[in-house]
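Inside the fold
Read off the chains here:
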Amino acid sequence: MVTLPSTARREQASVLRFANPQTRTGYSLPLGQTHLILLFSGTAGLRNGDSFSGPRLVWHADGGGELLVESGARGILLSIPHVSLMQSLPPTQLGEQMRRTLGKNLSFPLDLSLRIAELVEGFALEHTSREPGSNLAETHYLGLVLVQIWRIARTDIVAHGRAPQGLTERFLMLAAQRARDHWTVETYAEALSVSRDRLGSAVKRSTGLSPQAYLHRALTREAMELLTNTGVPIAQVAFRLGFVDPAYFTRFFKRQVGQNPAAFRKAHRIQNDSAPRSFAAWP
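Residues numbered from 1 in each chain as written. Predicted model: local features only at pLDDT ≥ 70, side-chain atom pairs only at ≥ 80, totals over all residues. Heavy atoms only, no water.

**Digging into the overall build of the chain**
Note the cut-off: To qualify as a helix, a DSSP run of H or I must reach at least 4 residues; to qualify as a strand, a run of E must reach at least 2; elements of each kind are numbered from the N terminus. Burial status follows relative accessibility: with a 1.4 Å probe on protein chains alone, a residue under 20% of its type maximum counts as buried, one over 50% as exposed, and anything between as partly exposed. The contact criterion used is simple: two residues touch if any of their non-hydrogen atoms lie within 4.5 Å. The protein chains shown are the only cover counted for residues, whose accessible areas, like all others here, come from Shrake-Rupley with a 1.4 Å probe.
In terms of helices and strands, the chain carries 12 helices and nine strands. Within the span of the chain, comprising 283 residues, buried residues form 45% of the whole. Excluding contacts between residues fewer than 6 apart, the proportion of contacts in the chain whose partners are at least 24 apart in sequence is 70%. When the accessible surface of the chain is totalled, it reaches about 14,300 Å², and 53% of it is carbon and sulfur.

**Considering helix H8 (residues 196-207)**
This is how the line gets drawn: By this rule the span expected of a helix is its residue count minus one, scaled by 1.5 Å.
Under the 1.5 Å per step criterion, the end-to-end length of H8 is 16 Å for 12 residues, consistent within 8% with the ideal 16 Å. All buried positions along H8 are accounted for by Leu 199, Gly 200, Ala 202 and Val 203. Note on H8: the residue one or two positions beyond its end, Gly 208, has a positive phi of about 80°.

**Digging into the packing of aromatic side chains**
Aromatic ring pairs are described here by two measures, namely the spacing of the ring centres and the angle between the planes. The condition is simple: Aromatic pairs are defined between Phe, Tyr and Trp rings, using the six-membered ring for Trp, whenever the two ring centres lie within 6.5 Å; interplanar angles under 30 degrees are classed as stacked, those over 60 as edge-to-face, and all others as tilted.
Evaluation of the coordinates by the stated rule reveals nine aromatic pairs. Counting every residue linked through ring pairs, the aromatic cluster contains Phe 243, Tyr 248, Phe 249, Phe 252, Phe 253 and Phe 264.

**Considerations on unusual backbone geometry**
With an omega of 0°, the peptide bond between Gly 54 and Pro 55 qualifies as cis. Tracing the sequence through the fold places Pro 55 in the loop between strand S5 (51-53) and strand S6 (56-60). Despite not being glycine, His 182 has its phi angle at roughly 55°, a positive value. Summarising the element assignment, His 182 is placed in the loop between helix H6 (164-178) and helix H7 (185-191). Although it is not a glycine, Ser 193 adopts a positive phi angle of roughly 60°. Relative to the assigned elements, Ser 193 resides in the loop between H7 and H8. With a relative accessible area of 57%, Ser 193 lands in the exposed category.

**Considering the pattern of salt bridges**
Note the threshold: One side-chain nitrogen of Lys or Arg within 4 Å of one carboxyl oxygen of Asp or Glu is enough to make a salt bridge.
One pass over the structure, following the stated rule, counts eight salt bridges. A salt bridge links Arg 178 to Asp 181, with the shortest nitrogen-to-oxygen separation between them at 2.9 Å. Of the residues examined, Arg 178 reaches a relative accessible area of 34% and is grouped as partly exposed. In this structure Asp 181 comes out as partly exposed when scored by relative accessible area, which is 41%. The partner of Arg 180 in a salt bridge is Glu 222, with the nearest N and O atoms 2.1 Å apart. Remark: Glu 222 occurs in helix H9 (residues 211-229) and Arg 180 occurs in the loop between H6 and H7; sequence separation between them is 42 residues.

**Quick look at the environment of Pro 246**
Relative to the assigned elements, Pro 246 resides in helix H11 (residues 246-257). Using a relative accessible area of 26% as the deciding quantity, one classes Pro 246 as partly exposed. With 12 residues separating them in the primary sequence, Pro 246 and Ile 234 have C-alpha atoms 7.5 Å apart. Sequence-distant contacts of Pro 246, defined by excluding residues within four places in its chain, comprise Ala 235, Ala 238 and Phe 239.

**Some words on the nonpolar core**
Note the threshold: Residues belong to a common nonpolar core when they are buried Ala, Val, Leu, Ile, Met, Phe, Trp, Tyr or Cys residues joined through side-chain atoms within 4.5 Å.
In this structure, Leu 36, Leu 38, Leu 57, Trp 59 and Leu 78 are the most contacted members of the largest nonpolar core, which totals 29 residues. Elements that contribute at least two residues to this core include exactly strand S3 (33-41), S6, strand S8 (74-81), helix H3 (93-102), strand S9 (106-109), helix H4 (116-128) and helix H5 (134-159). Residue contributions to this core peak at seven residues, all from H5. Leu 36 has contacts with Leu 57, Val 58, Trp 59, Ile 76, Leu 77, Leu 78, Ile 116, Val 120, Val 145 and Ile 149, leaving out every residue within four places of it along the chain. Of all hydrophobic cores here, the second largest spans 15 residues; its members include Val 185, Tyr 188, Tyr 214 and Leu 215.

**Description of the environment of Ser 210**
Inspection of the secondary structure puts Ser 210 in the loop between H8 and H9. Exposure remark for Ser 210: the relative accessible area of 31% places this residue in the partly exposed category. Distance from Ser 210 to Gly 200, taken between C-alpha atoms, is 5.8 Å for residues 10 residues apart in sequence. Residues contacting Ser 210, with those up to four places away along its chain left out, are Val 203 and Lys 204.

**Focus: the packing of H3 against H9**
Applicable threshold: Lines fitted to C-alpha atoms define the axes here, with helix axes fitted over just the stretch in contact, and angles between the N-to-C directions of these axes take values from 0 to 180 degrees. Working rule for angles: under 35 degrees goes down as roughly parallel, over 145 as roughly antiparallel, 65 to 115 as roughly perpendicular, anything else as oblique. In the scheme used here, Gly and all other residues not listed as nonpolar or charged are polar, with Ala, Val, Leu, Ile, Met, Phe, Trp, Tyr, Cys and Pro taken as nonpolar and Asp, Glu, Lys and Arg as charged.
Where H3 meets H9, the closest approach of the two axes is 9 Å, and the angle between their N-to-C directions is 125°. The angle between H3 and H9 places the two elements in the oblique class. Along its contact with H3, which presents Gln 93, Glu 96 and Gln 97, the element H9 presents Tyr 214, Arg 217, Ala 218 and Arg 221. Per-class residue counts for the contact of H3 with H9 are two nonpolar, two polar and three charged.

Written out as structure tokens, the structure reads:
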């Protein structure tokens, strides 16, 4: 079994290429990491799991275990520490959706036209480079890889069936596009061709929130980011978020957070003069 270096396991993402091994070979999948397997040809599998044949994309979110590569297989293993993965996602509603999707184990046919392998190779090149800005380039390459995997997963979820989880994912995708339009829950339900009650049950089961509460939380998080990390006037923050009346935005924000926008901005700028704060984990 091949073990990745301990420093890579603890601190940074790493890329391992396997090409036509003469015998069956095992590669450790350390805990605390998520592992992307791009199998171009041949057969591989996870120990105590099903085998799969290339071309195949496998996303092993949990970490731990071992990748078994059969003789003659060819592919790439990208191992990403959970901390690095979280840092590569935006602290926004979109980032939350991506975390929900990428927190699951996934397996799809590998569409070579999507050029995920090229992005991984670009990451690997920057990872070994000492060029100025290589750390920033790594982060962007990794972010693009995550976006591509998320898109594939979302397409699969939206395309298959009408199970509650699939309905919730479609609602979240639509909410990301329409939250600033302040659609009613009835409008979302109509756009998704389901009843308001069915939509409410599915979203509550998956997120713990009603559709309305989820939409309000999304707007509140975005308002927090704008108030903390930009100098945009409060009235312009309101207009950006789709509020036609800044006074109504102020009442909405105070009801959600317990402070009006001006007080919130002042308090958090005092606390975080040296480093912007992310509210991605705000409950």
